[in-house]
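# Coordinate inspection notes
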2 protein chains.
Amino acid sequence: MSIQVPEAAKDLLERPIVVTLVTLMPDYQPQANPVWFEWDGEYIWINTARGRAKDKNMTARPKVTVLSTDPDDPYRYLEVRGVVAEVTEKGAFDHINHLSERYTGNPDFFGSDHKRRATEVRVIYKIRPTKISYHD
Amino acid sequence: MSIQVPEAAKDLLERPIVVTLVTLMPDYQPQANPVWFEWDGEYIWINTARGRAKDKNMTARPKVTVLSTDPDDPYRYLEVRGVVAEVTEKGAFDHINHLSERYTGNPDFFGSDHKRRATEVRVIYKIRPTKISYHD
């Protein structure tokens, strides 16, 4: 069963907001970064590249938290605590292009960076919410 | 010795930005909230109330992280990982009024909420940065 998102907060999961993703370093120091995301109604999808701190952290320590703040009101936010429920490279290249289009209008994420396009391994992380707090 | 903040990033510690504070719950799930803050050149000052999750978390697990994102550019940010170096109630009532003035222009944080003014115990947390990452 999935966690209920308050009706009034749904836009914070549906709009292309640059959210904050928090992962845990090996010493449990929180690591916080702005990231693109997408919500499929049940999971939050994050897309990163193999080898990054975020990738290593989410693989080794699946407790992660996402903070989605209204760009028009810094005091209105949805905090989603969750666990990484799925990690997959399948479809991750197409998915980063999809996110790129969603956020920038450009569906070609790598552009002219041919080396990066050829070498970078993209990964999708699906985060299952375990606790949601909405504040406005 | 204090950690060096890149010159180009200093505004992200000096402007009244609503930053994200990440603390650790007892099970090490990250807890992320927007908060007011202030930087004294060495420490990040956060002001909260006794009894809140943030208060309990920072007291029990002093590894915390602050993300300061440019309100005008969500891809420009400073991530400050640090430790809680000092916790004090001394001056914390005046300090929350000072933060209130800094962020809202109103130096009377509690306003007409007399009950809260009389019962809430404010606390200052001073966070010493251990690692700073600037991205623009």
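The following paragraphs examine the structure supplied in this document. Predicted, not measured: the structure shown is a model, and the values here were computed from it.

Conventions adopted
Residues numbered from 1 in each chain as written. Chains lettered and ligands numbered in written order. Predicted model: local features only at pLDDT ≥ 70, side-chain atom pairs only at ≥ 80, totals over all residues. Helix = DSSP H or I, 4+ residues; strand = E, 2+ residues; numbered from the N terminus. Rg over C-alpha atoms; globule rule 2.2 N^0.38 Å. Buried ≥ 20, exposed ≤ 12 C-beta atoms within 10 Å, placed from the backbone. Contact = placed C-beta atoms within 7 Å. Least-squares fit on C-alpha atoms with pLDDT ≥ 70 in both. Nonpolar A, V, L, I, M, F, W, Y, C, P; charged D, E, K, R; others polar. Pairing = 2+ DSSP bridges. Axes fitted to C-alpha atoms, helices over the stretch in contact; angles between N-to-C directions. Core = buried A, V, L, I, M, F, W, Y, C linked by C-beta atoms within 7 Å.

## A word on the overall build of chain A
- In terms of regular secondary structure, chain A is built from four helices and seven strands.
- When the helices and strands of chain A are placed in sequence order, the string is α-β-β-β-β-α-β-β-α-α-β.
- The C-alpha radius of gyration computed for chain A amounts to 15 Å, which stays within 12% of the reference 14 Å derived for 136 residues, consistent with globular compactness.
- Over its C-alpha atoms, taken along the principal directions, chain A stretches across nearly 45 × 35 × 30 Å.
- Residues classed as buried in chain A amount to 35% of the 136 residues present.
- Considering only contacts within chain A whose residues lie at least 6 apart along the sequence, 67% involve residues at least 24 apart.

## Things to note about the relation of the copies chain B and chain A
- Structural alignment of chain B on chain A gives an RMSD of 0.0 Å, achieved by rotating through 180 degrees and translating 0.0 Å along the axis. What the rotation and shift describe, once combined, is the action of a two-fold rotation axis.

## Topic: the interface of chain B and chain A
- Opposite the 21 residues of chain B that make contact, chain A presents 21 residues.
- At the level of secondary structure, the elements contributing two or more residues to the side of chain B that touches chain A comprise strand 1 (19–24), strand 2 (30–35), strand 5 (63–70) and strand 6 (73–88) of chain B.
- Here the residues of the side of chain B that touches chain A sort into 12 nonpolar, six polar and three charged.

## What about the sheet that holds strand 7 (residues 122–135) of chain A?
Residue and element names in this part refer to chain A.
- In space, the seven strands of this open sheet follow the order 2-1-5-6-7-4-3, with antiparallel pairing throughout. Unpaired on one side and paired on the other, strand 2 (30–35) and strand 3 (38–39) mark the two borders of the sheet.
- Direction of pairing for strand 4 (residues 44–49) relative to strand 7: antiparallel, over a ladder of six bridges. When the sheet's bridge partners are listed, Trp-45 is paired in strand 7 with Lys-126.
- Across the face of the sheet, helix 2 (residues 53–60) comes into contact with strand 1 (19–24), strand 2, strand 4, strand 5 (63–70), strand 6 (73–88) and strand 7 while running at roughly 60 degrees to strand 1.
- Where helix 3 (residues 92–104) meets the sheet, its contacts fall on strand 3, strand 4, strand 6 and strand 7, and the angle it forms with strand 7 comes to roughly 50 degrees.

## A word on the nonpolar core
- With 58 residues, the main nonpolar core has Val-66 of chain A together with Val-66 of chain B as its most contacted residues.
- If sequence neighbours within four positions are ignored, Val-66 of chain B has contacts with Val-19, Thr-20, Leu-21, Phe-37, Ile-44, Val-80 and Ile-127 of chain B.

## What about the sheet that holds strand 4 (residues 44–49) of chain B?
Residue and element names in this part refer to chain B.
- If you walk across this open sheet you meet the seven strands as 2-1-5-6-7-4-3, and the pairing is antiparallel. With partners counted over all chains shown, the strands left at the sheet margins are strand 2 and strand 3 (38–39), one partner each.
- In this fold helix 2 (residues 53–60) packs onto strand 1, strand 2, strand 4, strand 5, strand 6 and strand 7 (122–135), with an angle of close to 60 degrees to the strand it touches most, strand 1.
- Where helix 3 (residues 92–104) meets the sheet, it contacts strand 3, strand 4, strand 6 and strand 7, and its direction lies at approximately 50 degrees from that of strand 7.

## Let's talk about the environment of Pro-129 of chain B
Residue and element names in this part refer to chain B.
- Mapped onto the fold, Pro-129 is located in strand 7.
- Through-space distance from the C-alpha of Pro-129 to that of Tyr-75 is 21 Å; in sequence the pair is 54 residues apart.
- Sequence-distant contacts of Pro-129, defined by excluding residues within four places in its chain, comprise Ile-3, Val-80 and Gly-82.

## Some thoughts on the pairing of strand 7 of chain B
- In this sheet, strand 7 of chain B lies alongside strand 6 of chain B in antiparallel orientation, the contact comprising 11 bridges. If you follow Val-80 of chain B over to strand 7 of chain B, its bridge partner there is Ile-132 of chain B.

## Points about the environment of Arg-61 of chain B
Residue and element names in this part refer to chain B.
- Looking at where Arg-61 falls in the secondary structure, it is placed in the loop between helix 2 and strand 5.
- Judged by C-beta crowding, with 17 C-beta atoms within 10 Å, Arg-61 ranks as partly exposed.
- Sequence-wise, Arg-61 and Ser-133 are 72 residues apart; in three dimensions their C-alpha atoms are separated by 22 Å.

## Thoughts on the environment of Trp-39 of chain A
Residues and elements named next belong to chain A.
- Along the chain, Trp-39 turns up in strand 3.
- Sequence separation between Trp-39 and Asp-94 is 55 residues, and the spatial gap between their C-alpha atoms is 16 Å.
- Residue contacts for Trp-39: discarding those within four places in its chain leaves Leu-13, Glu-14 and Ile-44.

Structural measurements only, silent on function.
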